[in-house]
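Summary of structural features
Each chain is listed here by its residues.
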Amino acid sequence: MINKISHLGIAVKDLKTASEMYRKLFQTEPSEMEHIEEQKVNVVKFTIGQSTIELLEGTSEDSPICRFIEKKGEGIHHIAYESDNINIELNRLENDGFELINNKPLTGSDNMLIAFVKPKSIGGVLTEICQH
Ligand code: ZN
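This one's a predicted model, so the numbers in the text were calculated from it and none came from an experiment.

What to know about the coordination of the zinc ion
Looking at the zinc ion, the protein donor atoms are His7 (NE2), Glu54 (OE), His78 (NE2) and Glu128 (OE), and they sit 2.0 to 2.3 Å from it. Note that the zinc ion binds four donor atoms; their angles at the metal cover 81 to 151 degrees, and the shape is irregular. Sequence spacing of the donor residues for the zinc ion, all on one chain, is H-x46-E-x23-H-x49-E. With His7 in strand S1 (residues 2–11) and His78 in strand S5 (residues 75–83), this residue pair connects regions lying 71 residues apart in the sequence. Given a relative accessible area of 2%, His7 falls into the buried group. Judged by relative accessible area, which is 3%, His78 ranks as buried.

Next comes the structure, spelled out in structure tokens:
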């Protein structure tokens, strides 16, 4: 079952610059930077109350984040929904006709299990399902 919005992912060109800007906006410190090799990204998170914003910087030209910025510029990259059982969720979505990018969960930041659903099957929104 999908329980809540986990976070919003924002694609940025420069994580340091973006972190400074969001630090000013939220008046709070971000998490330690995490490098996720599998997805070729550096990530920091800001927690504001119950909400989390994830800033994503690509670490090589062929990373999905760099390709996204090349096409669309910086901005909101994905919305993530939290599930209590990602494997059941992915099966359900696939059976209901959603097209998955990842059939099996990957390891994301904070050791979360994550998988993406193709934007074209959810009204143009890149959607992440995650589980803590
Ligand atoms: Zn995410």
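Some details on the pairing of S5
As judged from the eight bridges shared by S1 and S5, these two strands associate in the antiparallel manner. Opposite Ala11, over in S5, you have Gly75 as the bridge partner. With four bridges connecting them, S5 and strand S8 (residues 127–131) associate as parallel partners. Bridge assignment links Ile79 to a residue of S8, and that residue is Thr127.

Focus: helix H2 (residues 64–72)
What H2 keeps buried is the set Ile65, Phe68 and Ile69. All buried residues of H2 project into a common sector of 95 degrees when viewed along the axis, lining one side. Of the exposed residues in H2, those oriented more than 90 degrees away from the buried face are Glu70 and Lys71. Summarising the contacts, the buried residues of H2 are in contact with S1, strand S3 (41–48), strand S4 (51–58) and S5. Looking at the residues trailing H2, positive phi occurs at Gly73, about 80 degrees.

Some thoughts on the nonpolar core
With nine residues, the main nonpolar core is built from Ile10, Val12, Leu15, Ala18, Tyr22, Val44, Phe46, Ile53 and Leu55. Of all elements in the fold, only helix H1 (15–26), S3 and S4 reach the threshold of two or more residues within this core. If you tally residues by element for this core, the top one is H1, at three residues. With near-sequence residues (within four places) excluded, Val12 lies in contact with Ala18, Leu55, Leu56, Glu57, Ile65, Ile69 and Glu74. Ala11, Val41, Leu56 and Ile69 belong to the second largest nonpolar core, which has eight residues in total.

Some thoughts on the pairing of S1
Relative to S4, S1 runs parallel, the two being bridged by four bridges. In the sheet register, Leu8 faces S4, and the bridge partner there is Ile53.

Here is what the cut-offs are and how they apply
- Residues numbered from 1 in each chain as written.
- Predicted model: local features only at pLDDT ≥ 70, side-chain atom pairs only at ≥ 80, totals over all residues.
- Heavy atoms only, no water.
- Donors = N, O, S within 2.8 Å, 3.2 Å for Na, K, Ca; no water.
- Tetrahedral: all angles 85-135°; square planar, octahedral: opposite > 155°, others 65-115°.
- Helix = DSSP H or I, 4+ residues; strand = E, 2+ residues; numbered from the N terminus.
- Buried < 20%, exposed > 50% of the residue type's maximum accessible area, 1.4 Å probe, protein only.
- Pairing = 2+ DSSP bridges.
- Arc of directions from axis to C-beta.
- Contact = heavy atoms within 4.5 Å.
- Core = buried A, V, L, I, M, F, W, Y, C linked by side-chain atoms within 4.5 Å.

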